[in-house]
Amino acid sequence: MKITPSARILKMLGEIEFDEWQCIAELVDNAFDDFSEIVRSGVPWAGGYKVIVTLPSAKGRTEDATIVVSDTGSGMSRDRLEQSVRAGWSSNDRFDKLGLFGMGFNVSTARLGRRTRVLSTRAGDPDWIGVDIDLDSIGDDFEAEDIVIPKDDPNEHGTKIEISRLHSDRAQWLRRNESHLREALGGVYSWILEERPFELWIQGKRVKPRRHCRWGDERFVMYGNGASAERIPAYIPIDEPFEPAEACGDCGNWQELGRERCSQCDGDNLHLRERRIWGWLGIQRHLDKREFGVDFIRNGRKILRWDKRVFEWKNMDAPGEPVEIEYPIEMAHQGGRIIGEIHLDHVPVTYQKNAFDYGDRGWRAAIEFLRGEGPLQPKRAQKLGYSENSSHLGTLYRGFRRNDAGKRYLVPGDGRMPIHDQTRQWAQLFHRGDLEFQNDGRWWEAVLSHEAQKETAKQAKVDAASPVAPNEAAVLEALGFGGPTPQPSNEDREANSDTPAGTKPLDRRRQTAQERLDAYRADAVRVPELSRDFGLPKVGNLEIETLRLRTMRLRDDLDQETPVLFSQGAGGTGTVFLDPAHEAFTLLGTEPADFVLAEVAAVLKVKSGTELTLSQMMASIRRQCLPDTVLRVDIVLSQARELLGEVRRSMAAAIDTDPVRAYELLSPDELTSLEGEMIADGMPVGNTPLGETSEFLQYAPALYLVRLLETWPEAFMDGKVFSSPYTTVSSVSARRLSLARVSGYLNDIAALVSFASDPGAPQLRRIRLSLQLLSASLETGL
């Protein structure tokens, strides 16, 4: 008897209630499941873990609109792909994955549109393989059109889902609510995006995890007085194992150990699995009317956000009484601040993944563990005969149920009252990523400031109620400890004069030219790149030593400041002194080489009597004697490659302890280019995974180095590779500026190496300057 359902069933799946964001999340779940398998395998993964969501264009026609969800996962074989798109299919592992229901793919895609194309490929496969599911044309044979598309790059891998012929109302919602979708998914996947190297992008913008703005691990309050005082932390980590149980791989039922078959479906696909509650409870740095409560998580996805069921208590001895809301009670209209993240990977959820099975004993056990059996309110518990609630939530409730300003309840204030509105504004800055508000320092300062102002006000009240204070100066004088102010002695006057102690009177005698040159030489450092023979075959040569002053200012024979001073020596030698503080360099931006060439050309013109003009001589001498400064693309390109080689070696050494993190940033085309460079260099490819060591960085594309620096600046800045500061500065803008400078220099150089074309003289001048600046930073950093 064949009971294949009608094709109409597949079409009706789109009528199942799923919000638009839930449809997208269902497809993201499948990608994150694949990523998690890769992470568990421990294999380095080129290309990273990215899910990219493209929504319908705001300006396009609905009939032409598409939704695309693509990932950089491992891809699927044809058999696996066929199973994945089959309605009702689910993998055997229903406990470690987000994609718990085989219908999820079909429901979400049918809910969004009438036609779905799925393409998938694995690294090394020659083609993209796929299937077109057209709900308007599919028949009762459930046959769908196969797709085979040759790949441009054999290293490409991943899966792409394209949904078209969209339902107009859902397409319009997605067009209007791009930011809301990003915010919703940033909340649902906040833990997994924060704790794992997964990336989620929507319309070209990365989804940021919605982190909790909580007090730091070290903060606490004291509850009670004297010997009975209790130290209650503002952050309580939780990791509680429960008795393992057997789980049915067919129906998901959990049961006690010792049974050979499932008590629900009578199957024998039973597995022993751990049951564990883990995460944390804590205190938010601000009160909020909505955003408080506990987030409950299953396999990394938040099923419940800001859930307040833990604050409810039902008196089981009085069935007719309503459920009591125990928190917040103090200033309830201001909201609450008890928060947490609790992982319940063993508790089943509904098919929409927006609720747990509240009748499951695993859920009931978790709630009882977190909040205890009795009421949270101490007096209420005592009245009903319960002992004090010593659960994790009960402990936080005792310490933080009130919102009075000060250290007692860890609430910022202004000396008079709490500053709830201000702390909520600070929380907004925290969520925007402002580094000055990421830790709880600003909040803690406000707590201490409140205490100090309160103490000052209290002391002022005491002083106001006291008798008039005596004249302290008069009392001291009467006791012989005061008197007229003594006049300073000559020694005191000398000690307070403007002349530094031990300084000899300024010698106003005019220095000789040789004494002045000797002083300059003692203060100077040699400039190697400008110390050499300068000249032309027809006019002769000068052996020049160029010295740069460190602290002194350069003056000529008329005692006028000058950027450069030439001193001719014996036997065709000469010394050029440079003053780097002169405005010719600091304000006008003149190159030191130009001044050196001008001085040399002037001397050689007089000595040789040549008819060449000074400008002709300078140009010829530069070309002849300073070839590295000539704006020829082959010269600048050679310099760029040499410096990049040094940068590669230094960056590779800096990431040697964690090369996988850098390797996973490689895109498929970058990996292909890297392998090609290795083969060209005679390096073996495929013997060992590339990401196991940092050696691959020596062959990675030049522009990849820029992205690596911008993505992971703390690994390379602060003297590790480049001398510019990053983690050592607290200002957000200063960090951005410091990183932007270095990455800008590196980008100029990498772009030239990557494209190897002549960008023209202005751009070559810029690249040459970037070479100088990056080289200086690199040298200092090493």
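These figures come from a predicted structure and were not determined experimentally.

All right, on to unusual backbone geometry then. Along the chain, Tyr-327 connects to Pro-328 via a cis peptide bond; the corresponding omega equals -5 degrees. Unusually for a residue other than glycine, Asn-299 sits at a positive phi of about 50 degrees. By secondary structure assignment, the location of Asn-299 is in the loop between strand E14 (293-298) and strand E15 (301-307). According to the relative accessible area criterion, Asn-299 is buried, its value standing at 10%. The phi dihedral of Lys-353 is positive, around 60 degrees, even though this residue is not glycine. Of note, Lys-353 is situated in the loop between strand E18 (336-343) and helix H8 (361-371).

For the structure on display, the rule yields 47 salt bridges. For Arg-165, the salt bridge is made with Asp-134, and the minimal N-O distance between the two is 2.3 Å. Of this pair, Arg-165 sits in strand E6 (residues 158-166) while Asp-134 sits in strand E4 (residues 127-134), placing them 31 residues apart in sequence. Because the salt bridges share partners, they merge into one network encompassing Arg-553, Arg-555, Asp-559, Glu-561 and Asp-579.

Structurally, Ala-776 is set in helix H24 (residues 761-781). Sequence separation between Ala-776 and Phe-722 is 54 residues; the distance between their C-alpha atoms is 8.9 Å.

It is worth spelling out the side chain of Thr-395 at this point. Mapped onto the elements of the fold, Thr-395 is located in helix H10 (residues 392-400). Relative accessible area serves as the criterion here: at 13%, Thr-395 is assigned to the buried category.

By secondary structure assignment, the location of Arg-735 is in helix H23 (residues 732-755). Of the side chains with opposite charge, Glu-714 lies nearest to the buried Arg-735, which makes no salt bridge, at 7.3 Å. The residues touching Arg-735, leaving out its near neighbours within four places in the chain, are Leu-435, Tyr-726, Thr-727 and Val-729.

Another point: the environment of Asp-19. Here Asp-19 is to be found in the loop between helix H1 (7-12) and helix H2 (20-41). Look at Asp-19 and you get partly exposed, because its relative accessible area is 36%. It is 8.9 Å that separates the C-alpha atoms of Asp-19 and Arg-170, two residues lying 151 residues apart in sequence.

This next bit is on the confidence of the model for the chain. Residues of the chain with pLDDT of at least 70 account for 87%, and the chain-wide mean is 85. Low pLDDT, under 50, characterises residues 468-472; the predicted model gives this stretch zero contacts beyond four residues in sequence or across chains. Low pLDDT, under 50, characterises residues 474-508; the predicted model gives this stretch five contacts beyond four residues in sequence or across chains.

Across all of its chains, the model carries 26 aromatic pairs by this definition. With a centroid separation of 5.6 Å and 80 degrees between ring planes, the pair formed by Phe-585 and Phe-595 is classed as edge-to-face. Note that Phe-585 is positioned in helix H16 (residues 583-586) and Phe-595 in helix H17 (residues 592-608), a separation of ten residues in sequence. For the pair shown, Phe-585 and Phe-595 are each scored as buried. These aromatic residues form a ring-pair network of at least three members: Phe-32, Phe-35, Tyr-49, Tyr-189 and Phe-198. Sitting over the ring of Phe-292, Lys-308 keeps its end group 4.5 Å from the ring centre. When the ring centre of Tyr-726 is taken as reference, the NZ or CZ atom of Arg-735 above it lies at 5.3 Å.

Strand order across the open sheet formed by eight strands is E5-E4-E3-E6-E2-E1-E7-E8, with mixed pairing between neighbours. Edge positions in the open sheet fall to strand E5 (145-150) and strand E8 (205-206), since each of these has one partner strand only. When strand E3 (residues 113-121) meets E4, the two strands line up antiparallel, connected through six bridges. Bridged to Arg-115 within E4 is Asp-134. Against the sheet, H2 touches strand E1 (49-54), strand E2 (66-71), E6 and strand E7 (198-202), its axis set at about 165 degrees to E1. Helix H4 (residues 103-112) contacts E2, E3, E4 and E6 of the sheet and is inclined by roughly 130 degrees relative to E3.

Right, let's talk about the packing of H2 against helix H6 (residues 178-188) for a bit. At a minimum axis distance of 10 Å, the contact between H2 and H6 shows a crossing angle of 55 degrees. With respect to H6, the axis of H2 lies oblique. In terms of crossing hand, the pair formed by H2 and H6 is right-handed. Listed contacts from H6 to Trp-21, Ile-24 and Ala-25 of H2 are Leu-181, Ala-184, Leu-185 and Val-188. Looking at the contact of H2 with H6 residue by residue, the class counts come to seven nonpolar, no polar and no charged.

Once that is clear, we can look at the pairing of strand E13 (residues 270-288). As paired strands, strand E11 (residues 235-248) and E13 are joined by twelve bridges and run antiparallel to one another. The partner of Ala-247 across the bridge, within E13, is His-271. Sheet topology places E13 next to E18; seven bridges connect them, and they run antiparallel. In the strand pairing of E18, Leu-281 is matched with Gly-340.

Judged by nonpolar contacts, the single largest core of 47 residues is most densely connected at Met-651, Leu-697, Tyr-704, Leu-708, Leu-709, Phe-716 and Phe-722. Contributions of two or more residues to this core are made by helix H19 (633-654), helix H20 (659-663), helix H21 (668-680), helix H22 (702-711), H23 and H24. Of the residues forming this core, the biggest block, eight residues, is contributed by H19. Other than its neighbours up to four places away in sequence, Leu-697 contacts Arg-648, Met-651, Ala-652, Ile-655, Tyr-704, Leu-705 and Leu-708.

For any two helices packed against each other, the geometry is given by the interaxial angle and the distance between the axes. Remark: H17 packs on helix H18 (residues 614-625), axes separated minimally by 9 Å, with the N-to-C direction vectors making an angle of 115 degrees. In the crossing of H17 with H18, the sense of the turn from one axis to the other is right-handed. Packed against H17, whose contacting residues are Ala-593, Asp-594, Leu-597, Ala-598, Val-600, Ala-601, Ala-602, Leu-604 and Lys-605, the element H18 presents Leu-614, Met-617, Met-618, Ile-621 and Arg-622 at the interface. Among the residues forming the contact of H17 with H18, the class breakdown is eleven nonpolar, no polar and three charged.

With that out of the way, let us pick up H8. Listed as buried for H8 are Gly-362, Trp-363, Ala-366, Ile-367, Leu-370 and Arg-371. An end-on view of H8 places all buried positions within 140 degrees of arc, on one side of the element. Looking at where H8 begins, the residue whose side-chain oxygen comes 2.7 Å from the main-chain nitrogen of Gly-362 is Asp-360. Directly after H8, the chain includes Gly-372, whose backbone phi takes a positive value near 85 degrees.

Residues that lie three or four places apart on an α-helix share one face, since the helix turns once every 3.6 residues. Over its 13 residues, H21 extends 18 Å from the first C-alpha to the last, a length consistent with the 18 Å expected when each residue adds 1.5 Å. Listing the buried residues of H21 in full gives Glu-670, Leu-671, Leu-674, Glu-675 and Met-678. Projection of H21 onto a plane perpendicular to its axis shows the buried side chains occupying an angular sector of 135 degrees, all on one side. What points out from H21, more than 90 degrees from its buried face, is the exposed set Asp-669, Ile-679 and Ala-680.

Criteria and thresholds
Residues numbered from 1 in each chain as written. Predicted model: local features only at pLDDT ≥ 70, side-chain atom pairs only at ≥ 80, totals over all residues. Heavy atoms only, no water. Helix = DSSP H or I, 4+ residues; strand = E, 2+ residues; numbered from the N terminus. Buried < 20%, exposed > 50% of the residue type's maximum accessible area, 1.4 Å probe, protein only. Salt bridge = Lys/Arg side-chain N within 4 Å of Asp/Glu carboxyl O. Lys, Arg positive; Asp, Glu negative; His and termini not counted. Contact = heavy atoms within 4.5 Å. pLDDT = per-residue confidence, 0-100. Phe/Tyr/Trp six-rings, centres within 6.5 Å; stacked < 30°, edge-to-face > 60°. Lys NZ or Arg CZ within 6 Å of the ring centre and 35° of its normal. Pairing = 2+ DSSP bridges. Axes fitted to C-alpha atoms, helices over the stretch in contact; angles between N-to-C directions. Parallel < 35°, antiparallel > 145°, perpendicular 65-115°, else oblique. Left-handed = near helix turned anticlockwise from the far one by under 90°. Nonpolar A, V, L, I, M, F, W, Y, C, P; charged D, E, K, R; others polar. Core = buried A, V, L, I, M, F, W, Y, C linked by side-chain atoms within 4.5 Å. Arc of directions from axis to C-beta. Polar contact = N/O pair within 3.5 Å; in protein donor to acceptor, adjacent residues only side chain to side chain. Expected span 1.5 Å × (residues − 1).

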